[in-house]
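Commentary on secondary and tertiary structure
What follows is the residue order along each chain.
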Amino acid sequence: MTDPAATPNSRVPLSVLDLALVPEGRAGAQAVRDAVDLAVDLDRLGYRRVWYAEHHLSPGVGSAAPAVLAAAVAARTERIRVGSGAVLLSTTSPLVAAEQFGTIAALHPGRVDLGLGRAFTPPKGGAPRPAPAAAPASGPRVVDGLYVPPAPPTAGDSVLRERALAQAAVVGASRTPASFRAEVELVLGLRAGTYADDGGRRYVSPPVQDAAFDLWVLASSGGESARVAGELGLPLAANYHVSPSNTLETVAAYRAAFRPGVLAEPYVVVSADVLVADTTERARELASPFADWVLSIRRGADGAIAYPRPADATDWAERPEDERAVVADRVDTRVVGDPATVVGRLETLARVTGADELLVTTAAHDLADRQRSFALLAQAWGATEGEAPRVPALAATP
């Protein structure tokens, strides 16, 4: 439930998802330092929280260790909440994630979020799974002013699977996750001090028991993750910036499944790719490398490339039609423009999805342009300085 005092005009609060973007021509170590400096700005500008996404072995993403970044940022800031968006349970066990973020919460109580998500898990034996059947084609639609694109073609899925399989040995992703619900319940049980395994043996983790972090679920579809978040009464982050074609279904599935648990009522954060500049023309210029970057994520053998300079971007009109089809959903739903344009589109996103909060992520080659984008957005949106409230009051923990 949104706190009406969070912003002077009662707009929903704004938060940030940061990938510690590595720009072309820069070092990864500098990207990590830049991420911490950016978080200091976000704290001053009044953003509610900053989350770091777990990505490994991608040349353009420096946020491989969300817990470490969150701890560093918490130590440098005063008010903003820090967390993960998300820890991937295909790579990191829920116990390790809970102990990491429980440790941060012990030092910075009431300012920590542990976001859990799933990702592709290589099958045992390393044999690739067969490619899924292509989803029926569906055209774009506009829902109360919000553009909902068709899903991208699935032809690139094999590239993603092959990349995950190739990286698994290096990442060390040898664990076989349990059901998503079981993994989330493990965290809740350890925090409540009630966790026992199937044989009845009880376990205690001192950093996790009674830890002052909020537990979140991230979801890109209306499947298991959204349903589990609802059934356990947890807050949900729906990934409009990753899968804009599925966001309305994701939120609907969560609300339909919701039962009072950790929260007494649903709480939804919706993410969006955003880039603000002083003029729409300038914003579009800065946004021009985005399609190349998304294409590398969806089709590249190495994942996200270092973020290109605008001068090196491929012109949309010169891009092959098959490439356009792969990235169009994200390019067309990216919120780019001057402050007034961006605010209007974000208001529509919040209204149509029923979001209680928006989570914005911004990609641009130069740190200064990212800093300027967040500053312009905060000013135009009405973000306020001061203590950021947590998500709704806790109900009985299951």
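So, here is what we can say about the structure in this document.

So, how was this worked out
- Residues numbered from 1 in each chain as written.
- Predicted model: local features only at pLDDT ≥ 70, side-chain atom pairs only at ≥ 80, totals over all residues.
- Heavy atoms only, no water.
- Helix = DSSP H or I, 4+ residues; strand = E, 2+ residues; numbered from the N terminus.
- Buried < 20%, exposed > 50% of the residue type's maximum accessible area, 1.4 Å probe, protein only.
- Contact = heavy atoms within 4.5 Å.
- Areas by Shrake-Rupley, 256 points an atom, 1.4 Å probe, with all protein chains shown as cover.
- Axes fitted to C-alpha atoms, helices over the stretch in contact; angles between N-to-C directions.
- Parallel < 35°, antiparallel > 145°, perpendicular 65-115°, else oblique.
- Left-handed = near helix turned anticlockwise from the far one by under 90°.
- Pairing = 2+ DSSP bridges.
- Right-handed = clockwise from strand over helix to strand, strands pointing away.
- Salt bridge = Lys/Arg side-chain N within 4 Å of Asp/Glu carboxyl O.
- Phe/Tyr/Trp six-rings, centres within 6.5 Å; stacked < 30°, edge-to-face > 60°.
- Core = buried A, V, L, I, M, F, W, Y, C linked by side-chain atoms within 4.5 Å.

A count of helical and extended segments in the protein chain gives 12 helices and 12 strands. Evaluated residue by residue, the protein chain yields a buried proportion of 52% over its 398 residues. Once local pairs closer than 6 in sequence are excluded, the contacts in the protein chain between residues at least 24 apart make up 77%. Counting every atom, the protein chain has about 16,500 Å² of accessible surface; 54% of that belongs to carbon and sulfur.

Let's shift gears to the packing of helix α11 (residues 339-353) against helix α12 (residues 367-381). Where α11 contacts α12, the two axes come as close as 10 Å, and the packing angle between them is 65°. Classified by the interaxial angle, the pair formed by α11 and α12 is roughly perpendicular. In this structure, α11 meets α12 at a crossing whose hand is right-handed. On α12, the residues touching P339, V342, V343, L346 and E347 of α11 are L376, L377, A380 and W381.

Okay, the pairing of strand β2 (residues 49-52) next. Judged by which residues are buried, β2 turns out to be covered on both faces: R49 and W51 on one side and V50 and Y52 on the other are all buried. For strand β1 (residues 14-18) and β2, the ladder comprises three bridges, and the chain directions are parallel. Across the sheet, D18 pairs through a bridge with Y52, a residue of β2. Where the polypeptide runs from β1 across helix α1 (residues 28-45) and back to β2, its parallel neighbour, the crossover connection is right-handed. Two elements, β2 and strand β3 (residues 81-84), share four bridges in a ladder whose sense is parallel. Pairing of R49 across the sheet is with R81, part of β3. In this fold, β2 hands off to helix α2 (residues 66-76), which returns the chain to β3; that crossover is right-handed.

With that out of the way, let us pick up the pattern of salt bridges. Summed over all chains, the structure comprises 26 salt bridges. Close ionic contact of D366 with R26 constitutes a salt bridge, the shortest N to O distance being 3.7 Å. Placement of the pair is D366 in the loop between β12 (357-361) and α12 and R26 in the loop between β1 and α1, with a sequence separation of 340 residues. D366 sits in the partly exposed class, given a relative accessible area of 31%. Salt bridges linked by common partners bring R48, R49, R81, D113, D214 and E357 together as one network.

Here V12 shows up in the segment before β1. Taking the C-alpha atoms as reference, V12 lies 5.1 Å from E357; in sequence the two are 345 residues apart.

Here the bond from G85 into A86 is cis, since omega is 15°, no more than 30 degrees from zero. One non-glycine residue with positive phi stands out, namely A20, at about 50°. Within the fold, A20 resides in the loop between β1 and α1. Judged by relative accessible area, A20 falls into the buried class, the value being 2%.

The next point concerns the packing of aromatic side chains. For the structure on display, the rule yields seven aromatic pairs. Judged by centre distance (5.8 Å) and plane angle (75°), the rings of Y254 and F258 are edge-to-face. Relative accessible area serves as the criterion here: at 0%, Y254 is assigned to the buried category. Judged by its relative accessible area of 9%, F258 falls in the buried class. For the pair F290 and W293, a centre-to-centre distance of 6.3 Å together with 35° between the ring planes defines the contact as tilted. With F290 and W293 both in helix α9 (residues 290-299) and three residues apart, this pair spans about one turn of that helix. The class of F290 is buried, set by a relative accessible area of 2%.

Turning our attention to the nonpolar core. Looking at soluble globular proteins, one finds that nonpolar side chains tend to be buried together. Grouped together as the largest cluster of nonpolar side chains are 102 residues, with contacts concentrated most on Y47, L114, L346, L358 and L377. Within the second largest apolar cluster, seven residues are counted, among which are A277, A287, V336 and A364.

By themselves, these observations are geometric and do not establish any function.
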